[in-house]
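Chain and residue survey
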Amino acid sequence: MNAAPADQIRLLDVQALDVRLQQLAHRRRTLPEHAEIESLTKDLTQLRDLLVAAQTEESDCAREQTKAEQDVDQVRRRSARDQQRLDSGAVTSPKDLENLQHEIASLAKRQGDLEDVVLEVMERRESAQERVTELTGRVESVQSKIDDATGRRNAAFEEIDGEVASVTKERGVVAGAVPGDLLKLYDKLREQQGGIGAAKLYQRTCQGCRQELAITELSEIRSAAPDTVIRCENCRRILVRTAESGL
């Protein structure tokens, strides 16, 4: 393949722009905010699970407390009715009086036991409420950190994407001035060779694979016409000759 030396040098400009696009894509993929957001999101998920558990416990305690308080009220009302019967003098039978007094005493004990249950449940509920408050604060704090990191990431995206658009536009202009067959070969090699399709021959060394060329290869290059498209024997990339090639 033949191409004017100026077109071959222009290919190095295309390569430089492609390298810049690769660097920008790598930078976009490896922004530190990605790892930060991922780590914080894991923390947030765990905290939300703990918060749901604490809220569930508080809700269960609330129902348990309501039930226990209802039981206390029921016993208290029954005890009050029995005491009213006792005080009214309506019960005159000694046996009935004894039974009524025994029931009042039993209800009093039952009421005391239930009130202890209410207090125990209230303590557990208060502990659960404190846990909910604590976890809610931690969730809000981590969410705030995620929002901050997301904002920084999006700002970096905007900056990178703006530069990508600018470089892509410039690449289109420069590549448009390269002969089609040469550009096609370059694009094919760039895809095969990890993004580098053309490299400068600098001081007898291919800048694509960093290998110094053999004497026989250098001799062939010296004798080749200026418009001959040279390929590196080692990496097969397009080798572009310049004044610094050391030939």
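All of the points below concern the structure found in this document.

For the rest of this paragraph, the subject is the overall build of the chain. The number of helices and strands found in the chain is five helices and four strands. On C-alpha atoms alone, the chain measures out to a radius of gyration of 42 Å, which is more than a quarter above the 18 Å that the 2.2 N^0.38 rule sets for 247 residues. Structurally, the chain occupies a C-alpha span of about 135 × 35 × 25 Å along its principal axes. Of all intrachain contacts in the chain linking residues separated by at least 6 positions in sequence, the fraction that spans at least 24 positions is 75%. Roughly 15000 Å² of accessible area belongs to the chain as shown, and the carbon and sulfur atoms make up 50% of that amount.

Here Q65 is to be found in helix 2 (residues 32–88). When residues no more than four places from it in sequence are discounted, the contact partners of Q65 are V121, M122 and R125.

Before going further, it helps to examine the pairing of strand 4 (residues 238–241). Both faces of the sheet carry side chains from a regular strand, because those side chains alternate between them. Burial of the side chains of strand 4 extends over both faces: I238 and V240 are buried on one face and L239 and R241 on the other. As paired strands, strand 1 (residues 198–202) and strand 4 are joined by four bridges and run parallel to one another. The residue of strand 4 that forms the bridge with A199 is L239. Examined bridge by bridge, strand 3 (residues 230–231) and strand 4 share two bridges and lie antiparallel to one another. When the sheet's bridge partners are listed, I230 is paired in strand 4 with L239.

Glancing now at the side chain of R241. Assignment of secondary structure puts R241 in strand 4. Here R241 is buried and forms no salt bridge, its nearest opposite-charge partner D227 lying at an N-O distance of 6.4 Å. Of the polar contacts made by the side chain of R241, one reaches the backbone oxygen of I221; its length is 3.5 Å. Among the polar contacts listed, one links the side chain of R241 to the backbone oxygen of T228, at a separation of 2.8 Å.

Glancing now at the pattern of salt bridges. Enumeration over the complete set of coordinates arrives at 24 salt bridges. A salt bridge links R138 to E134, with the nearest nitrogen and oxygen atoms 3.5 Å apart. Of this pair, R138 and E134 both sit in helix 3 (residues 94–176), separated by four residues, roughly a single helical turn. Ionic contacts of the salt-bridge type, sharing partners, join the residues D18, R171, D187 and R190 into one network.

This brings us to unusual backbone geometry. Despite not being glycine, R204 has its phi angle at roughly 65°, a positive value. Tracing the sequence through the fold places R204 in the loop between strand 1 and strand 2 (205–206). Positive phi values are uncommon outside glycine, yet R210 reaches one of about 65°. Mapped onto the fold, R210 is located in the loop between strand 2 and helix 5 (215–223). The exposed category is assigned to R210, whose relative accessible area is 57%.

So, on to the packing of aromatic side chains. We describe a pair of aromatic rings using the distance from one ring centre to the other and the angle between the two ring planes. Enumeration over the complete set of coordinates arrives at zero aromatic pairs. When the ring centre of F157 is taken as reference, the NZ or CZ atom of R28 above it lies at 3.7 Å.

This part covers the pairing of strand 1. Bridge count between strand 1 and strand 2: two bridges; the pairing is antiparallel. The residue bridging L201 from the neighbouring strand is C206, located in strand 2. The hairpin formed by strand 1 and strand 2 contains two residues between the paired strands, and Q203 there has a positive phi angle of roughly 50°.

In summary, soluble globular proteins display a tendency toward joint burial of nonpolar side chains. By size, the foremost hydrophobic cluster in this structure holds 24 residues, and its most contacted members are L11, V14, V178, L182, L183, Y186 and I238. Where this core is concerned, the elements lending two or more residues are helix 1 (5–29), helix 3, helix 4 (180–192) and strand 4. One finds A199, I221, I230 and C235 within the second-largest nonpolar core, a separate group that totals 11 residues.

The rules behind the values
- Residues numbered from 1 in each chain as written.
- Predicted model: local features only at pLDDT ≥ 70, side-chain atom pairs only at ≥ 80, totals over all residues.
- Heavy atoms only, no water.
- Helix = DSSP H or I, 4+ residues; strand = E, 2+ residues; numbered from the N terminus.
- Rg over C-alpha atoms; globule rule 2.2 N^0.38 Å.
- Contact = heavy atoms within 4.5 Å.
- Areas by Shrake-Rupley, 256 points an atom, 1.4 Å probe, with all protein chains shown as cover.
- Buried < 20%, exposed > 50% of the residue type's maximum accessible area, 1.4 Å probe, protein only.
- Pairing = 2+ DSSP bridges.
- Lys, Arg positive; Asp, Glu negative; His and termini not counted.
- Salt bridge = Lys/Arg side-chain N within 4 Å of Asp/Glu carboxyl O.
- Polar contact = N/O pair within 3.5 Å; in protein donor to acceptor, adjacent residues only side chain to side chain.
- Phe/Tyr/Trp six-rings, centres within 6.5 Å; stacked < 30°, edge-to-face > 60°.
- Lys NZ or Arg CZ within 6 Å of the ring centre and 35° of its normal.
- Core = buried A, V, L, I, M, F, W, Y, C linked by side-chain atoms within 4.5 Å.

In short, the description is geometric, and any link to function would need to be established separately.
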